[in-house]
Amino acid sequence: MSNVTVCVRFRPLSHKERKANGDNVCFKKLDSESFVFKDEREEDVIFSFDKVFYEDAQQSDVYNFLAVPIVSDAINGINGTIITYGQTGAGKTYSMEGPSILHCNEQKTGLVQRVVDELFVCLGSSASTWTVKLSMVEIYLEKVRDLLDLSKDNLQIKESKTQGIYISGATEISILNSSDALENLSQGIANRAVGETQMNLASSRSHCLYIFSVQYGSTSDERVTSGKIILVDLAGSEKVEKTGAEGRVLDEAKTINKSLSALGNVINALTTGKQNHVPFRDSKLTRILQDALGGNSRAALLCCCSPSPSNAPESLSTLRFGTRTKLIKASPKLIPE
Ligand code: ADP
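Summary of the structure given here. (Residues numbered from 1 in each chain as written. Predicted model: local features only at pLDDT ≥ 70, side-chain atom pairs only at ≥ 80, totals over all residues. Heavy atoms only, no water.)

## What to know about the pairing of strand β13 (residues 224-233)
For β13, a buried count of eight out of 10 residues is recorded, marking the element as mostly surrounded by other parts of the structure. Bridge count for strand β6 (residues 79-85) against β13 is five bridges, and the pairing is parallel. Residue pairing across strands places I83 opposite V232, the latter belonging to β13. Pairing of strand β12 (residues 207-217) with β13 involves 10 bridges; the strand directions are antiparallel. Residue pairing in the sheet places Y216 in a bridge with T225 of β13. (Buried < 20%, exposed > 50% of the residue type's maximum accessible area, 1.4 Å probe, protein only. Helix = DSSP H or I, 4+ residues; strand = E, 2+ residues; numbered from the N terminus. Pairing = 2+ DSSP bridges.)

## Details of empty space enclosed by the protein
A full pass over the atoms with the stated rule returns two cavities of 30 Å³ or more. Quantified by volume, the largest cavity comes out at close to 40 Å³. Together, I139, Y140, L141, E142, R205, S206, H207, T255, I256 and S259 line the largest cavity. Elements supplying a minimum of two residues to the lining of the largest cavity: β7 (129-140) and α8 (247-271). Top contributing element to the lining of the largest cavity by residue count: α8, with three residues. When grouped by side-chain class, the residues that make up the lining of the largest cavity number four nonpolar, four polar and two charged. Roughly 30 Å³ of volume is contained in the second largest cavity. Forming the boundary of the second largest cavity are V4, I83, L263, I267, L293, L301, F321 and T325. Counting only elements with at least two residues in the lining of the second largest cavity, the list comes to α8 and α11 (312-325). Class assignment of the residues belonging to the lining of the second largest cavity gives a composition of seven nonpolar, one polar and no charged. (1 Å grid on protein atoms, 1.4 Å probe; cavity = no way out; pocket = protein on both sides within 12 Å on 5 of 7 lines; lining within 4 Å. Points joined across faces, edges and corners; volume = space filled by probe spheres on them. Nonpolar A, V, L, I, M, F, W, Y, C, P; charged D, E, K, R; others polar.)

## Digging into the layout of surface pockets
In this model, the largest pocket occupies a volume close to 950 Å³. The wall of the largest pocket is formed by 38 residues, among which Q163, G164, I165, Y166 and K228 lie closest to the centre. Elements supplying a minimum of two residues to the lining of the largest pocket: β6, β7, β10 (164-168), β12, β13 and α10 (290-294). Looking at the lining of the largest pocket element by element, the count peaks at five residues for β10.

## Some points on the packing of helix α2 (residues 59-66) against helix α5 (residues 111-124)
Contact pair α2 / α5: the axes reach a minimum separation of 10 Å and the direction vectors enclose 55°. Relative to α5, the element α2 is oriented oblique. The two elements α2 and α5 meet at a crossing, and its hand is right-handed. Only L111, R114, V115 and E118 of α5 make contact with α2, whose side of the interface consists of Q59, S60, V62 and Y63. Tallied by class, residues from the contact of α2 with α5 come to four nonpolar, two polar and two charged. (Axes fitted to C-alpha atoms, helices over the stretch in contact; angles between N-to-C directions. Parallel < 35°, antiparallel > 145°, perpendicular 65-115°, else oblique. Left-handed = near helix turned anticlockwise from the far one by under 90°. Contact = heavy atoms within 4.5 Å.)

## Regarding the sheet that holds strand β2 (residues 27-29)
Taken in spatial order, the three strands line up as β2-β3-β4 in an open sheet, and their pairing is antiparallel. Where the open sheet ends on each side, the last strands, each with one partner, are β2 and β4 (45-48). Along the sheet, successive strands turn relative to each other by an average axial angle of 30°, direction set aside. By the bridge criterion, three bridges tie β2 to strand β3 (residues 34-37) in an arrangement that is antiparallel. The residue bridging F27 from the neighbouring strand is F37, located in β3.

## Section: the site of the ligand
The environment of the ligand is made up of R9, R11, P12, Q87, T88, G89, A90, G91, K92, T93 and Y94. In the environment of the ligand, an oxygen atom lies 2.7 Å from a nitrogen or oxygen atom belonging to the backbone of G89. One nitrogen or oxygen atom from the main chain of Y94 is found 2.7 Å from an oxygen atom belonging to the ligand. When the free accessible area of the ligand is taken as 560 Å², the share hidden by the protein chains comes to 65%. The biggest single contributor to the shell around the ligand is helix α4 (residues 92-97), with three residues. Residue composition of the shell around the ligand, by class: three nonpolar, five polar and three charged. (Near = heavy atom within 4 Å. Polar contact = N/O pair within 3.5 Å; in protein donor to acceptor, adjacent residues only side chain to side chain. Areas by Shrake-Rupley, 256 points an atom, 1.4 Å probe, with all protein chains shown as cover.)

In structure tokens:
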């Protein structure tokens, strides 16, 4: 039993990829959970995951499989995390935000807005009292920046008995409904772009986290439950060599690779039984995700891949990361009694 649901999504071939390689793709579909991966430099490998979304998969398919259980659990006080992983251009942001968070038709709406909509449908239909708060942060060169207040550019991560791991001082905006949420999310995304221009940074080089904190008070027994949903759009996982980076860009790439390899190391420790020595503190990213990967929580990883043979080495590395993540065992707290 794994407590991380791991899925793969192959986006459609881009115009450029089609021009270079025609309709050739790097996989052969076996069924909705497995495929043969073909890389001319390596032997064919069969990969299996909880679900594979091929080019024709809809945003709603991804949402229904990955996110619906996480939203209902958050209301019951179980933290949930959804992470998109993959090289730049593989479809992480498209899966999270859709082509644009504000101007998007229903069919293309991404995970973030769908999570918000479902959350308010569930809460709105209950007679209980509740609050939902939104925070949005970006991790860039190991600094946590508040996307809802750009003056806070080096937030610290703390831990308390009542709140677990939290980002100290991060702006939390109370959200009353879906359109309220959308307005604030758009502001956060716009702030991210402003910060990127100021720092000459591409969004693919930072990790972006959308955090929804839900407090739910049951009217029957006056119990209050708190649950958090964290959606994480990771920086591109591509190797440094491929980007031809030098100078500051190289430093950036190394730091990104460091936090992604810290994530890999945490996953390795969780899957190899070294549960007492999980290096969560090795990066800001893994520290924030500590409760999600190790505690009373549900997590889902969407491995985004280009279908093009030209990106096969990067896709293979993404698929291997997904395969390792699948081996994380359920936290004892989550195993039904
Ligand atoms: P990443 O966030 O991994 O860098 P993007 O999400 O920005 O990649 O995707 C790169 C390009 O591919 C964008 O133009 C995006 O609109 C397009 N794209 C990604 N996934 C899909 C998809 N499932 N369907 C259609 N277009 C997609």
